[in-house]
Amino acid sequence: MKNTAASDFTTAIVVDQTPEKVFNAINNVREWWSEEIEGSTNKLNDEFNYHYEDVHRSKMKIIEFIPNKKVVWLVEENYFSFTKNKSEWTGSKIIFESKII
């Protein structure tokens, strides 16, 4: 089994909002990432594509969706023009979790 701990990335952002507002904001991807999104981004099994010129392209699938708590994207395809490994994110999971602290 491959040890990926060195390449994992985790961060936390604390906001003064309800879990519902946070969850709805996360799933409105066009508002915070880019308007260059094609496809639906707010329910289980949705697939969407992102692109920015010839710099970054990706295809995501929502593989877990727990309203007001958690959403998980699977990076099905990815291309970066600026990295040695052009498909660096392919197969990765991007996880958004809302927790009350």
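None of the values given here were measured: they were computed from a predicted structure.

This part is about unusual backbone geometry. Residues other than glycine seldom take positive phi values, yet Glu53 does so here, at roughly 45 degrees. With respect to the helices and strands, Glu53 occurs in the loop between strand 2 (47–52) and strand 3 (56–66). With a phi close to 65 degrees, Asn68 is a non-glycine residue in the positive phi region. Structurally, Asn68 can be placed in the loop between strand 3 and strand 4 (70–80). With relative accessibility at 31%, the residue Asn68 sits in the partly exposed group.

What follows covers the pairing of strand 4. Inspection of the sheet shows strand 3 paired to strand 4 by 10 bridges, in the antiparallel sense. In the strand pairing of strand 4, Arg57 is matched with Tyr79. The hairpin formed by strand 3 and strand 4 contains three residues between the paired strands, and Asn68 there has a positive phi angle of roughly 65 degrees. Here strand 4 runs beside strand 5 (residues 93–97); their pairing, made up of five bridges, is antiparallel. Across the sheet, residue Val72 finds its bridge partner in strand 5, namely Ile95.

Quick notes on the rules
The numbering scheme is per chain: residues are counted from 1 as the chain's sequence reads. This being a predicted model, a pLDDT of at least 70 is required before a residue's local features are given, and a value of 80 or more before pairs of side-chain atoms are given or counted; all residues contribute to the totals for chains, interfaces and linings. To obtain the side-chain values, all non-hydrogen atoms of the structure were used and water was disregarded. Here a helix means four or more residues in a row that DSSP labels H or I, a strand means two or more in a row labelled E, and each is numbered from the N terminus. When accessible area is computed with a 1.4 Å probe and restricted to protein chains, residues below 20% of their type maximum are described as buried, those above 50% as exposed, and intermediate ones as partly exposed. The pairing criterion for strands is at least two bridges between them, as found by DSSP.

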